Amino acid sequence: MKGIESVREYQEDIIESIPSTIIVLDRSLKILYANRNYYAKSGKKERDVVGERLERVFLPMLIEKTHIDEKIRQVFETGIPFNGDQLRYPGGLFFFYKIHPLKEVNMSIRKVVLLMEDITELTRLEEELRDSYVTLENAYAELKEEDEAKSDFISTASHELRTPLTVINSYLEMFEEGMLGELGGNQNEKLAIIRTQTDHMIKLVEDMLDTLRLESRKFKIQKFSLKLEDVAKSAVDEVSRLADLKEQTVSLNINGELPKLRGDRQRIKQVFGNLLTNAIKYTPEAGKINVELTNENGHLLVSISDNGIGIKEEEQEKIFEKFYTVSGKTLTRESERMGLGLTIAKGIVEAHGGRIWVKSTLNRGSKFYFTLPKDD
Amino acid sequence: MIGQYKNGFNFQILSQNLFRKLKLNKVYPKQYQTYSVDIMKLLIVDDASSVLKALSDSLCAHGHEVYGAVNGEEALKKYTELNPDIVLMDVLMPKLDGVRATRSLIERDPEAKIIIVTALGKRGLENECIAAGASGFIMKPFKIKDLLHMINSLGKHERN
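Fair warning: this is a prediction, and the values are worked out from it, not measured in the lab. (Residues numbered from 1 in each chain as written. Chains lettered and ligands numbered in written order. Predicted model: local features only at pLDDT ≥ 70, side-chain atom pairs only at ≥ 80, totals over all residues. Heavy atoms only, no water.)

Scanning chain B from terminus to terminus reveals nine helices and five strands. Secondary structure of chain B in N-to-C order comes out as α-α-α-α-β-α-β-α-β-α-β-α-β-α. Here chain B, with 160 residues, has 54% of them falling under the buried criterion. As displayed, chain B has an accessible area near 7400 Å², and 49% of this comes from carbon and sulfur atoms. (Helix = DSSP H or I, 4+ residues; strand = E, 2+ residues; numbered from the N terminus. Buried < 20%, exposed > 50% of the residue type's maximum accessible area, 1.4 Å probe, protein only. Areas by Shrake-Rupley, 256 points an atom, 1.4 Å probe, with all protein chains shown as cover.)

Structure, rendered in structure tokens:
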């Protein structure tokens with residue numbers, strides 16, 4: 001408290017210029033002093049305030065509501081400061097007030113100081129913040145409810161679709177295996193179309209469920225030590241028939257010796273499958289698709305490039321969002337998908353601790369990359 | 001068709017008719033030899049009559065002796081009556097669901113071989129079924145060779 005000596009002669013100026021209200025009262029609750037800020041805030045004149053009792057100066061309603069008079073008496077009696085409460089003035093003004101005892105040399109208390117801070121703006125901001133929070137919370141609850149309803153719907157729909165698909169698939173297999181008699185003419189060709197469409201439908205149902213699982217973080221991967229080149233080869237083999245139909249070539253380049261990776265064979269194959277099917281779908285006839293596997297520092301890198309229609313720059317981020325399909329290309333009904341393939345691929349790669357991204361030039365082609373962890 | 005299941009109509013008869021009608025031995029000897037090592041007595045439990053019919057047709061055509069039940073309760077009754085080698089059990093069914101029916105079957109016959117055949121993609125369901133005593137779990141729709149492989153690897157029910 002040494003420094004206070006140096007400003008003692010300015011204390012009047014300091015008190016008068018402080019942007020808070022300071023009122024000093026005696027035991028009979030008579031106002032002995034009020035600073036300039038009080039007069040500015042209340043619009044009262046000094047002659048109507050000094051020497052008057054608190055209840056004549058403050059609004060009776062205010063005293064009744066806050067019991068400020070009782071609190072002041074308590075401070076006189078106990079000598080313990082009252083550390084604050086909110087006070088609401090008519091007209092929407094808010095104050096925060098404290099009562100502090102002013103102790104005499106003999107420790108008796110003859111005066112208290114009432115300190116009042118205008119917190120109207122702060123309170124308004126706080127209320128606004130609280131309102132925004134409530135609005136946000138309601139919106140979140142609404143969204144969550146909608147999302148749950150949507151998830152329930154997808155879950156029920158996929159369950160309901162699986163039953164007829166089981167029946168269709170069973171009889172289809174019996175036809176294919178010749179168990180229901182030999183087929184002639186162009187029946188085999190038509191049967192192959194039914195098979196393609198049924199498989200497509202089964203894939204859609206599985207994609208719907210996978211998306212749900214990814215969203216609810218119920219996605220399970222079982223990690224084993226795998227050879228990336230084996231998974232890639234088998235994925236490329238599986239799409240070769242599809243590529244043949246468009247007279248496209250799918251090549252696989254393995255750059256040097258690759259270490260093993262740690263991951264879920266089926267799921268990683270699904271990533272290859274989804275990226276390769278997209279490449280085939282968005283690349284014109286006789287196009288070239290190339291799969292490249294590289295051992296990089298810290299991880300294995302896969303790239304799948306095509307010389308297809310490419311993706312606009314502004315769409316390159318969005319394509320990983322669910323139900324998003326690349327615009328500007330009229331797709332045949334047959335090649336149309338729900339736009340879940342890349343969302344699922346991203347989910348699988350990320351569940352392995354990897355990353356997936358794309359580089360693309362419109363009308364030139366796209367190159368998808370993803371990384372997978374090595375088996376330590 | 002479902003009425004015939006309830007009246008105890010079994011697919012062995014249908015299967016034999018089918019074999020005679022289609023001269024199946026000539027048509028698909030390869031698949032028959034590949035998948036069906038033993039002829040099994042199978043009990044399919046599913047509340048969807050279309051699934052019962054399709055699976056029965058397919059498994060009969062692969063040479064198995066197939067019976068049907070439309071819920072867990074009926075499955076328990078038929079199991080005691082028929083002593084099947086393997087039960088193919090759906091999960092979502094009225095009266096008694098597949099998980100509870102599995103539990104009851106295992107209580108009665110700890111050696112019972114039950115494969116859960118479900119369309120329900122619920123998390124933890126497979127573990128729940130295995131804990132209830134099921135020996136296998138397969139999601140609908142499936143490749144029949146996968147189911148046949150499962151059936152063959154479980155083998156016949158050896159009773160003491």
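So, on to the packing of helix 7 (residues 98–108) of chain B against helix 8 (residues 125–132) of chain B. All names here are of chain B. Packing of helix 7 against helix 8 leaves a shortest axis separation of 8 Å and a crossing angle of 20 degrees. The angle between helix 7 and helix 8 places the two elements in the roughly parallel class. The handedness of the crossing between helix 7 and helix 8 is right-handed. Touching Val99, Thr102, Arg103 and Ile106 of helix 7 are Leu125, Glu128, Cys129 and Ala132, all from helix 8. (Axes fitted to C-alpha atoms, helices over the stretch in contact; angles between N-to-C directions. Parallel < 35°, antiparallel > 145°, perpendicular 65-115°, else oblique. Left-handed = near helix turned anticlockwise from the far one by under 90°. Contact = heavy atoms within 4.5 Å.)

This part covers the interface of chain B and chain A. If you look at the interface, chain B gives 26 residues, while chain A gives 19 residues. When chain B packs against chain A, the two sides together hide about 2100 Å² of surface, and 66% of this comes from carbon and sulfur. Connecting chain B to chain A are zero salt bridges. The tally of links between chain B and chain A comes to four residue pairs in polar contact (both at pLDDT 80 or more). The set of elements that each furnish at least two residues to the side of chain B that touches chain A consists of helix 3 (24–27) and helix 5 (49–61) of chain B. If you tally residues by element for the side of chain B that touches chain A, the top one is helix 5 of chain B, at eight residues. Its residues assigned to classes, the side of chain B that touches chain A comprises 16 nonpolar, five polar and five charged. (Buried area = accessible area lost by both parts, 1.4 Å probe. Salt bridge = Lys/Arg side-chain N within 4 Å of Asp/Glu carboxyl O. Polar contact = N/O pair within 3.5 Å; in protein donor to acceptor, adjacent residues only side chain to side chain. Nonpolar A, V, L, I, M, F, W, Y, C, P; charged D, E, K, R; others polar.)

Take the nonpolar core next. Counting residues in hydrophobic clusters, the biggest one holds 44 residues, and the most contacted among them are A:Leu228, A:Phe272 and A:Phe370. Among residues more than four places away in sequence, those in contact with A:Phe272 are A:Leu228, A:Val231, A:Ala232, A:Ala235, A:Val291, A:Leu293, A:Val302, A:Ile304 and A:Phe370. (Core = buried A, V, L, I, M, F, W, Y, C linked by side-chain atoms within 4.5 Å.)

As a further point, take the sheet that holds strand 3 (residues 82–89) of chain A. Strand pairing in a sheet relies on backbone hydrogen bonds. The paired strands run either parallel or antiparallel. Residues and elements named next belong to chain A. In space, the five strands of this open sheet follow the order 2-1-5-4-3, with antiparallel pairing throughout. What marks the edges here is a single partner per strand, and that holds for strand 2 (31–34) and strand 3. Averaged over all neighbouring strand pairs, the angle between strand axes comes to 25 degrees, with direction disregarded. Examined bridge by bridge, strand 4 (residues 93–103) and strand 5 (residues 109–118) share nine bridges and lie antiparallel to one another. Residue pairing across strands places Lys103 opposite Ile109, the latter belonging to strand 5. (Pairing = 2+ DSSP bridges.)

This part is about the environment of A:Glu148. Topologically, A:Glu148 is positioned in helix 7 (residues 120–176). Along the chain, A:Glu148 and A:Ser216 lie 68 residues apart, while their C-alpha atoms are 10.0 Å from each other.

Here we come to unusual backbone geometry. The peptide bond linking B:Lys140 to B:Pro141 adopts the cis configuration, its omega dihedral lying at -10 degrees. Inspection of the secondary structure assignment puts B:Pro141 in the loop between strand 5 (136–139) and helix 9 (144–154). Phi at A:His67 takes a positive value of approximately 55 degrees, unusual for a residue other than glycine. Secondary-structure assignment places A:His67 in the loop between helix 5 (60–66) and helix 6 (68–78). Classification of A:His67 as partly exposed rests on a relative accessible area of 39%.

All names here are of chain B. In terms of burial, strand 1 (residues 41–45) is a largely internal element, four of the five residues being buried. On the question of chirality, the crossover connecting strand 1 to the parallel strand 2 (residues 65–69) by way of helix 5 is right-handed. As paired strands, strand 1 and strand 3 (residues 86–89) are joined by four bridges and run parallel to one another. Bridged to Leu43 within strand 3 is Val87. (Right-handed = clockwise from strand over helix to strand, strands pointing away.)

This part takes up the confidence of the model for chain A. Residues and elements named next belong to chain A. Per-residue pLDDT for chain A averages 88, and the proportion of residues at 70 or more is 95%. When the elements of chain A are averaged for pLDDT, helix 1 (residues 3–7) gives the smallest value, 83, and strand 2 the largest, 95. Residue range residues 330–336 is modelled with pLDDT below 50. Its contacts to residues more than four positions away, or to other chains, number seven contacts. (pLDDT = per-residue confidence, 0-100.)

Here we come to the side chain of A:Ser360. Residue and element names in this part refer to chain A. Tracing the chain through its elements places Ser360 in strand 11 (residues 356–361). Since its relative accessible area comes to 16%, Ser360 is described here as buried. Side-chain polar atoms of Ser360 contact the backbone nitrogen of Ile311, separated by 2.8 Å. Looking at Ser360, its side chain comes within polar contact range of the main-chain oxygen of Gly365, at 3.1 Å. Excluding its chain neighbours within four sequence positions, the residues that come into contact with Ser360 are Gly310, Ile311, Gln316, Gly365 and Ser366.

Quick look at helix 7 of chain B now. All names here are of chain B. Listed as buried for helix 7 are Gly98, Val99, Ala101, Thr102, Leu105 and Ile106. Seen along its axis, helix 7 keeps its buried residues to an arc of 160 degrees; they face one direction. Every exposed residue of helix 7 that faces more than 90 degrees away from the buried side is listed here: Glu107 and Arg108. Where helix 7 begins, the side chain of Asp97 points an oxygen toward the backbone nitrogen of Val99, at a separation of 2.9 Å. (Arc of directions from axis to C-beta.)

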